[in-house]
Amino acid sequence: MKLSRFNIVIIIGFLAIVGVIIMQLFLINNAHKLAKKDTEDKIFFALQDVLEKLYKDNLTGLLVSNQVEKVSGNYFTVNVNYEFENTILEHYLISEFEKNNLDVDFEYAVYNCSSDKMAFSNHINSNGKKEPIKCPSCFTKNPDYTYYFAIRFPDIEQNYFKNLNQYWIFTTVLFLVLIIYVYSVVLMLKQKKYTELQKDFINNMSHEFKTPLASILIASNYVKEQNEIKDNPKLKKYNQIVVNQTNKLNEHIEKILYVAKTESKQMLIDKTKFELMPVLDLVKDNILLIYDKEITINMIATKTFVLKADEFHVYNILFNLVDNAVKYSGLSPKIEIIINEINQQLSIQIKDNGCGIPPKDLPFVFDKFYRVSRQDIKNIEGFGIGLSYVKKICDLHRWKITIANNTDKGIVVTMLINQKDYE
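Quantities reported herein were computed from a predicted structural model and do not represent experimental measurements.

### Looking at helix α2 (residues 86-99)
Part 1 of the reasoning: Between its terminal C-alpha atoms α2 stretches 20 Å, which fits the 20 Å expected from 14 residues at 1.5 Å a residue.
Part 2 of the reasoning: By the burial criterion, the buried members of α2 are N86, L89, E90, Y92, L93, E96 and F97. The buried residues of α2 occupy an angular sector of 165° when projected down its axis, which confines them to one face. Turned more than 90 degrees away from the buried face of α2, the exposed residues are T87, H91, E98 and K99.
Part 3 of the reasoning: Following α2 by one or two positions, N101 has its phi on the positive side, about 60°.

In structure tokens, the structure reads:
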């Protein structure tokens, strides 16, 4: 199955986030190992210092090697080889742990030869507070030693993870990002599916509408030629209304079809050579036939230009632009179409004397379905797709199109055609 670019981007993004999370877990594991080794080394050196101090107090000879033994990750024994005071031991343990920055709770017990038991136990919190020992059974006897003490760190594992808080926070954030990403992708896929269904619906419905509309137009044109209609002004007027409204509806359906095609990437540009002025003359003639009001359309061209473009779509976009100019220019539209060369580009400017466009709406007029809200003109029909279609056709030809308000009244639309597309 061939993957679309959209699906490939989603998969790459998902794998990237999962890879970062796996790397972060790997870093946490290494950081945990390093923290564990560092803490155990500090414990060992602290116990070694305690042992040295006990030997100095007793004025005993040199220390024997391997007197500090690690039994497990949180349990150590220290072979002292002679009797020592429990209170002194506790003082040394607290001071040495503070000196080595060991901010952990610990419990200790001393072996009592007379009772053959571990005795004199205390639980000392990291803040120095003393409590009864919480796990007496955790201290086991060592048959190899006579005078020794054992020390246990009940919460040392929690201390490791506590030191990794920043890692866990970052990992949690990454997991949240992954969850949000997956949720967003699911929504995007659903939206993509709904969009495709919407496009199919628009295509199918538009085609279904076009068939009866074509029949209505054929029938209306046939009826118009009948003597009964020609001789009856009222019936002739009604028939003309049917024709005009059918043409308007057909025009809207064509625009919807154009938008559906551009969205589904079915629109193709068929470039041929044709003269520009005959196309503009046809646009002018059709505009004058459609509207029942006084319209002035002046065309100014420095010479005859031949375009290399899609003639069908060029006619449509020019018709859309002139039609909009007439719609928004009141009862006496005055349209000026100026064609000339500017900086090795062909410029087509369409100026009108209409109401203009509010500055806040200018950046969005080419957006699909966007309509400028007007208080002065409320009876203008449309779907907000005409200028979107114009912009799409210009983009497909790689032309530039801009829209701006005139200094006095109305707007000016400027199309700039590349030098390779005209002669």
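### Details of a nonpolar patch on the surface
Part 1 of the reasoning: On the surface, a nonpolar cluster with roughly 400 Å² of combined accessible area is contributed by I11, F14, L15, V182 and V186.
Part 2 of the reasoning: Looking at the nonpolar patch, the elements that each hand over two or more residues are α1 (5-58) and α4 (165-224).
Part 3 of the reasoning: Tracing the backbone shows F14 in helix α1.
Part 4 of the reasoning: Its relative accessible area of 37% is what places F14 among the partly exposed residues.

### A look at the sheet that holds strand β2 (residues 75-79)
Backbone-to-backbone hydrogen bonds pair the strands of a sheet. The strands run either parallel or antiparallel.
Part 1 of the reasoning: Taken together, six strands build an open sheet; the order of strands is β1-β2-β6-β3-β4-β5 and the sheet is antiparallel. Of all the strands in the sheet, just β1 (68-72) and β5 (130-131) have a single pairing partner and so form its edges.
Part 2 of the reasoning: Taken together, the four bridges between strand β3 (residues 106-112) and strand β6 (residues 148-152) define a ladder with antiparallel strand orientation. Its bridge partner lying in β6, V110 is registered against F149.
Part 3 of the reasoning: Together, β3, β4 (117-124), β5 and β6 form the strand contacts of α2, whose direction differs from that of β3 by roughly 150°.

Conventions used here
- Residues numbered from 1 in each chain as written.
- Predicted model: local features only at pLDDT ≥ 70, side-chain atom pairs only at ≥ 80, totals over all residues.
- Heavy atoms only, no water.
- Helix = DSSP H or I, 4+ residues; strand = E, 2+ residues; numbered from the N terminus.
- Expected span 1.5 Å × (residues − 1).
- Buried < 20%, exposed > 50% of the residue type's maximum accessible area, 1.4 Å probe, protein only.
- Arc of directions from axis to C-beta.
- Patch = residues over 30% accessible without salt bridge, like charges linked within 9 Å, V, L, I, M, F, W, Y side chains within 5 Å.
- Areas by Shrake-Rupley, 256 points an atom, 1.4 Å probe, with all protein chains shown as cover.
- Salt bridge = Lys/Arg side-chain N within 4 Å of Asp/Glu carboxyl O.
- Pairing = 2+ DSSP bridges.
- Contact = heavy atoms within 4.5 Å.
- Axes fitted to C-alpha atoms, helices over the stretch in contact; angles between N-to-C directions.

From the geometry alone we can't say anything about function, so treat these as descriptive.
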